[in-house]
Structure formats: structure tokens, C-alpha cells
Amino acid sequence: MAERTYAEQLALAARVTEPAIRAAIAALRLPAGSHGLDAGCGIGTHAAWLAEATGSRVTGLDVNRDNLATARRRIAEAQLGHRIALDEGSLFDPPYADGSFDWLWCADTLWPVVVPDPVAVLERLRRLVRPGGTVALSYWSSQQLLPGYPQLEARLGLAFTEHTHYCRIGTPDAHHLRALGWLQRAGLVGARARTFVAEHQAPLSPALRESLAFCFEMLYGELEPGLSADDRAVVARLCRADSPECVLDVPGYHAWITYTVFDGRRDQA
Ligand SMILES: C[S@@+](CC[C@H](N)C(=O)[O-])C[C@H]1O[C@@H](n2cnc3c(N)ncnc32)[C@H](O)[C@@H]1O
């Protein structure tokens, strides 16, 4: 895989996920002019989309200084500095008083492989929002990036789940797509799960082509030991950006990824 910083990887992935994330944010109907927390804000992409969509103030929290430095630069460039504040700290021990926020957004950050008891973390996050406030967890939940190659894509999907640390969890309930139950057990009311799609089709802009090629690297780049020699050869042919047979250049190519958002409200009591 090409050497890229974590911040660069997040920026590349965000081009692919943007339509799904923006649709998810719109569907949450967060109150205009409110103040929310983006827990695990990365380079501030979602914080900016949340601020734009809702006219809200957003505080971004992250443990990674490099990501926060990139977030700071991007937010200044977007002239959103008056609406977005950034704090260094952990969502496992958030540096805020109870009821500090109207809502909380947390994307691709609360992984059971990192935290053994996500329900306990959610109980703490629930108290960070005011009574009636929304807590939303979102996760990349599926994709179709290789139309026309269903068997290959299924084998790659299996190899990914077997190889990737956050998929190799002990019990089904510890899988991130069981977050609806976590929200319910953490005392959030009206918990629901909704899935949003981001679709892209040929002809791809150079930026989107680069981002989709990055997704191939991100998802398949480390799977080689689990693949047959034949599959390795086909993946190299179809998925390398510099391959003359790269699938991204096929007329009629299209791809989709989904995000599943789990949200619930803090009880009014
Ligand atoms: C996969 S990235 C997602 C970033 C952003 N939410 C997005 O979707 O673009 C995960 C982010 O969570 C941050 N992170 C990991 N553990 C964290 C913790 N305990 N508290 C706060 N942030 C954390 C990482 O530094 C990284 O920026």
C-alpha cells in the first residue's frame, strides 16, 4: 500500500463516503443553532458537514494530534473557525460536564476491539447530551466496488472479515453493527438503525478515481495471504490505479458503499 498519513487516508475515504454521511446528517434533523460534539472527529470532515447542515456549533474531540492539526487547517481554510472548536482528548474519558451538548455524533470510532464494554462508554456519552438530545453512532456497513465480479467480491469480503481486527470479535453482540442494542442498553430512548448509501459512477473525476483506488487498497491491500494466487492476480489487474485494466475505467462502472447510523435520545427525565 502507498505510504499515506492517517489524515491523508481519512481525506481520501471522505470523498467516497460524503453522500451517505451528508444524507445521514440530514436525516437526524439536528436542531438548528445547537451545539454538538463530534467524538473522534479525525480531520474534521464530519464536523464541517454537521456545522454546514445544521447551522450548529460543533466541538470536535480526538486523541490524534496529527489528525487534529489537519482538522485545524482545513477548518480555517473553510472559514468555519467561529463554528467549530477542536479539543484533544478521549471519548472514553471526555473532558466535558454532563449535559454540555445538544447532540453527539461518533463515526467509525467506537470499536469493541478497542473498548471491551461499548455500553459503558455509551452510558457516559449519553450523559454528555442534554435531556432529549441525540446520540448517533455511525459505521461503514457494506460496499459493492467490483460490479460484475460477485464471487471475487464475496471472497474478498470474507477475507477482509477474517483479517481485520475490528471484525474479529469474540461474540456477535460485540460487532459494531449490533450498536442498536448497545444504545438500548445504555438507556437511550427511541433507538433506531438507518442505512444511507453513497453511489458513484463512471466517468469518475480524477479525485474520485483516486479515492476509490484508495478504497481498494484500504480494503484489499493487506489480504494477500488469505487469497488464492488467481485472486491475487485478478485483484492486481482490476484494482491497481496504474493497471491498464483497472475496473474504475470501465464504461458503466459504478460503486456504492453504505453507512449505518444508530441513534437514540437521552431520556427527558
Ligand atoms: C476512522 S477515524 C474516523 C474519523 C472521523 N470520525 C471520520 O469519520 O472521518 C477514527 C478517529 O477516532 C480517533 N480516536 C480513536 N480513539 C479515540 C478515542 N478514544 N477518543 C477520541 N478519538 C479517538 C482517531 O484518532 C481517528 O481520528
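Look up a bit, the structure's there.
Note that the structure is a prediction, hence the values are computed from the model and not measured.

The rules behind the values
Sequence positions are assigned chain by chain, starting from 1 and proceeding in written order. This being a predicted model, a pLDDT of at least 70 is required before a residue's local features are given, and a value of 80 or more before pairs of side-chain atoms are given or counted; all residues contribute to the totals for chains, interfaces and linings. Counting from the N terminus, the helices are the DSSP runs of H or I reaching at least four residues and the strands are the DSSP runs of E reaching at least two. By definition, a residue lies near a molecule or strand provided its backbone-derived C-beta atom is within 6 Å of it. Under the grouping applied here, Gly and all other residues not named as nonpolar or charged are polar, the nonpolar ones being Ala, Val, Leu, Ile, Met, Phe, Trp, Tyr, Cys and Pro and the charged ones Asp, Glu, Lys and Arg. Should DSSP find at least two bridges between two strands, the strands are taken to pair. Inter-axis angles, ranging from 0 to 180 degrees, are taken between N-to-C directions of lines fitted to C-alpha atoms, where helices are fitted over the stretch in contact. Residue pairs qualify as contacts under a 7 Å threshold applied to their C-beta atoms, which are placed from the backbone. Working rule for angles: under 35 degrees goes down as roughly parallel, over 145 as roughly antiparallel, 65 to 115 as roughly perpendicular, anything else as oblique. By the definition used in this description, the sense in which the near helix is turned from the far one sets the handedness, with an anticlockwise turn below a right angle giving left-handed and a clockwise turn giving right-handed. For a crossover, the right-handed case is the one in which the path from the first strand over the helix to the second runs clockwise, viewed with the strands pointing away from the viewer. Burial in this document is a count-based property: other C-beta atoms within 10 Å of a residue's C-beta are tallied, and the residue is buried at 20 or more, exposed at 12 or fewer, or partly exposed in between, with C-beta positions derived from the backbone.

Describe unusual backbone geometry, with residues and values.
Along the chain, alanine 202 connects to proline 203 via a cis peptide bond; the corresponding omega equals 0 degrees. One can find proline 203 in the loop between strand S6 (189–201) and helix H7 (206–220). Positive phi, close to 50 degrees, is recorded for aspartate 108, a residue that is not glycine. Note that aspartate 108 resides in the loop between strand S4 (101–107) and helix H4 (118–128).

Give me the site of the ligand: which residues, what numbers.
Within the structure, the ligand sits among 18 residues, and Gly40, Gly42, Asn64, Ser90 and Ala107 are positioned closest to it. Elements supplying a minimum of two residues to the shell around the ligand: helix H1 (6–28), helix H2 (45–54) and strand S2 (57–62). Tallied by class, residues from the shell around the ligand come to eight nonpolar, eight polar and two charged.

Tell me about the sheet that holds strand S1 (residues 35–39), and name the residues and values.
Overall, mixed pairing links the seven strands, which are arranged S3-S2-S1-S4-S5-S7-S6 in an open sheet. Every interior strand has two partners, whereas the edge strands, strand S3 (84–88) and S6, have only one. Across the sheet, the mean angle separating the axes of adjacent strands is 20 degrees when strand polarity is ignored. As defined by bridge partners, S1 adjoins S2 across five bridges and the pair is classed as parallel. Bridge assignment links histidine 35 to a residue of S2, and that residue is arginine 57. Against the sheet, helix H3 (residues 65–77) contacts S2 and S3, and its axis sits at roughly 165 degrees relative to S3.

So what's going on with the packing of H1 against H7? Which residues, and what values?
With their axes 8 Å apart at the nearest point, H1 and H7 run at an angle of 110 degrees to one another. Judged by the inter-axis angle, H1 sits roughly perpendicular to H7. Of the residues in H7, those in contact with Leu12, Ala13, Arg15 and Val16 of H1 are Ala207, Leu208, Glu210, Ser211, Leu212, Phe214, Cys215 and Met218. Grouping the constituent residues of the contact of H1 with H7 by class yields nine nonpolar, one polar and two charged.

Got a sec to walk through the packing of H1 against H2? Specific residues and values, please.
Interhelical geometry of H1 versus H2 gives an angle of 30 degrees and a closest axis separation of 10 Å. Our classification of the angle between H1 and H2 gives roughly parallel. Two packed elements cross with a definite hand, and for H1 against H2 that hand is right-handed. Between H1 and H2, the residues in contact are Leu10, Ala14, Ile21, Arg22, Ile25 and Ala26 and Thr45, His46, Trp49, Leu50 and Ala53, respectively. Its residues assigned to classes, the contact of H1 with H2 shows eight nonpolar, two polar and one charged.

Which residues make up the pairing of S3, and what values do they have?
The pairing of S2 with S3 spans five bridges and is parallel. Bridge pairing in S3 places glycine 60 opposite leucine 86. Handedness of the crossover joining S2 and S3 through H3 is recorded here as right-handed.

Could you give an account of the pairing of S4, with specific residues and numbers?
Put simply, side chains in a regular strand alternate between the two faces of the sheet. Most of S4 is tucked away: seven of the seven residues are buried. Examined bridge by bridge, S1 and S4 share three bridges and lie parallel to one another. If you follow leucine 37 over to S4, its bridge partner there is leucine 104. Sheet topology places S4 next to strand S5 (residues 129–144); six bridges connect them, and they run parallel. The residue of S5 that forms the bridge with tryptophan 103 is threonine 134. Between the parallel pair S4 and S5, the chain is carried across by H4, and the sense of this crossover is right-handed.

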